Amino acid sequence: MGTRVSWRLKFVAKMAAPTDDMFFSCVDPDKVASGVEVRFIDNVKGKGLFAKRSIKKGEVIFIERPLVSAQFLWNALYQYKACEYCLRALETAEENARRLAGNPALSLPYPELCPVRPQLHQVCPQCQVMYCSAECRQAAAAQYHQALCLGPSHGEPHHPVNKLKDAWRSMHYPPETSSIMLMARMVATVKQAKDKAHWQKLFSHFCSRTANEEDELAHKLLGERFRGQLAVLQSLFKEALYDDQLSQWFVPEGFRSLFALVGTNGQGIGTSSLSQWVHACDAVELPTQQRAQLDSFIDQLYKDIERETGDFLNSEGSGLFLLQSSCNHSCMPNAEVSFPDNNFLLHLSALDDIDPGQEICISYLDCCQRDRSRHSRHKILRENYMFICSCVKCVSQTDEPDVTSEEEEDDEEEAEAEGETEGDNMEDEMTDV
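Residues numbered from 1 in each chain as written. Predicted model: local features only at pLDDT ≥ 70, side-chain atom pairs only at ≥ 80, totals over all residues. Heavy atoms only, no water.

Participant: So what exactly am I meant to see when it comes to the environment of Val 262 here?
Facilitator: Along the chain, Val 262 turns up in helix 8 (residues 252-265). Given a relative accessible area of 1%, Val 262 falls into the buried group. For the pair formed by Val 262 and Ser 208, sequence separation is 54 residues and the distance between their alpha carbons is 8.0 Å. (Helix = DSSP H or I, 4+ residues; strand = E, 2+ residues; numbered from the N terminus. Buried < 20%, exposed > 50% of the residue type's maximum accessible area, 1.4 Å probe, protein only.)

See below:
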């Protein structure tokens, strides 16, 4: 199963330096990171990730590269510049701060602490998409970009790929949680691969069911309400990307399964050059007065950004991570995901001491959602991930009344009021893919 932990954070937790045996290659599912193993649990939960050794609180359990990843389309449209391949933020910390705070004259102290190196950036000479380095440009070209490069038609609105992007944006407004381009890169990766069967096998490791028949649950975006939108997306997806060897992904049921795959497994990725600069500032040893001045400057900067931009701080996207997708959910997780390298490399770290044989669980809910009532949490998990949680926290709250939290009730009242105003003939948008 996948996860959507909150990635709109000002600061990413600091972690110990990783070692080589922590890194998990997405290309070979048999090479699992040292210290963990994937086990089949049962027909309901499927697989899970378990510790093979003692893991200490705060320890990096593994680092993983995604099979595929993609920036969110609205995020890119609003000038959050990220590497087309690894999602590394491309703005310098100062450029990032100026845009987010709405202050073009803003100057950051200690600009040398910014890790962004614009002199290394490269563009695809055909379609002009940006990369953080020659290595990323070459990696993208080798894996999927040749099949997706629009060449001189990159700005042409009637190009099939651009029509697909526009349709997705019209159906899925921010805050975004997935992207049709994640599916497009899956198709392009298989198209370009010499060993197509190998990549198809890798993608088959992800759960792609559209319903949980045992608990009679269906994914909320695959029902009648969105049938018309899915039909439009399927038609455009086929027009832009059809391949005979992948014909099963372009028929209605196959497209729905692909849609469910990215919806239930896609992991949110957030990168920020500003956050990297802040971390670097935290690590600098300064006299007491200078430290106080710097901390005060950063605090005020974030207040200015919050007033101007709100919660959308990062370059955001999502990816499919083979090992991370084996982590089951708990409302009291013993591990968490972060992206401290300012790119798509996922770090899984321990929130508590974990004993050998113990299951490693993350939360599919963000911090605010985990604080809601048991009934509210179950509603989110049923609709988005198609299971009923039976973690320790949920079991301990079994006797609580089945009522939603006040916050959720307020949201529902607002949604009902908006629906009455707009009329019943307006089609719903896909806000939680």
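Participant: Which parts of the structure should I look at to understand the confidence of the model for the chain?
Facilitator: Atomic detail in the predicted coordinates should be set aside for any region of low pLDDT. Averaged over all residues, the pLDDT of the chain is 85; the fraction at 70 or higher stands at 81%. For the chain, per-element mean pLDDT is lowest for helix 14 (residues 406-422), which scores 49, and highest for strand 7 (residues 130-131), which scores 98. Between residues 415-427, whose pLDDT stays under 50, and residues either more than four places distant or in other chains, the model counts four contacts. (pLDDT = per-residue confidence, 0-100. Contact = heavy atoms within 4.5 Å.)

Participant: Please explain the pattern of salt bridges as it appears in this structure.
Facilitator: Summed over the entire model, instances satisfying the criterion amount to eleven salt bridges. As a salt-bridge pair, Asp 166 and Arg 169 come within 2.5 Å of each other at their nearest N and O atoms. Highlighted residues: Asp 166 and Arg 169, both in helix 4 (residues 160-171), separated by three residues, approximately one helical turn. Classification of Arg 169 as buried rests on a relative accessible area of 15%. Glu 383 is the partner of Lys 379 in a salt bridge, and the nearest nitrogen-oxygen pair spans 3.4 Å. One end of the pair is Lys 379 and the other is Glu 383, both in helix 12 (residues 374-385) and four residues apart, which spans about a single turn. (Salt bridge = Lys/Arg side-chain N within 4 Å of Asp/Glu carboxyl O.)

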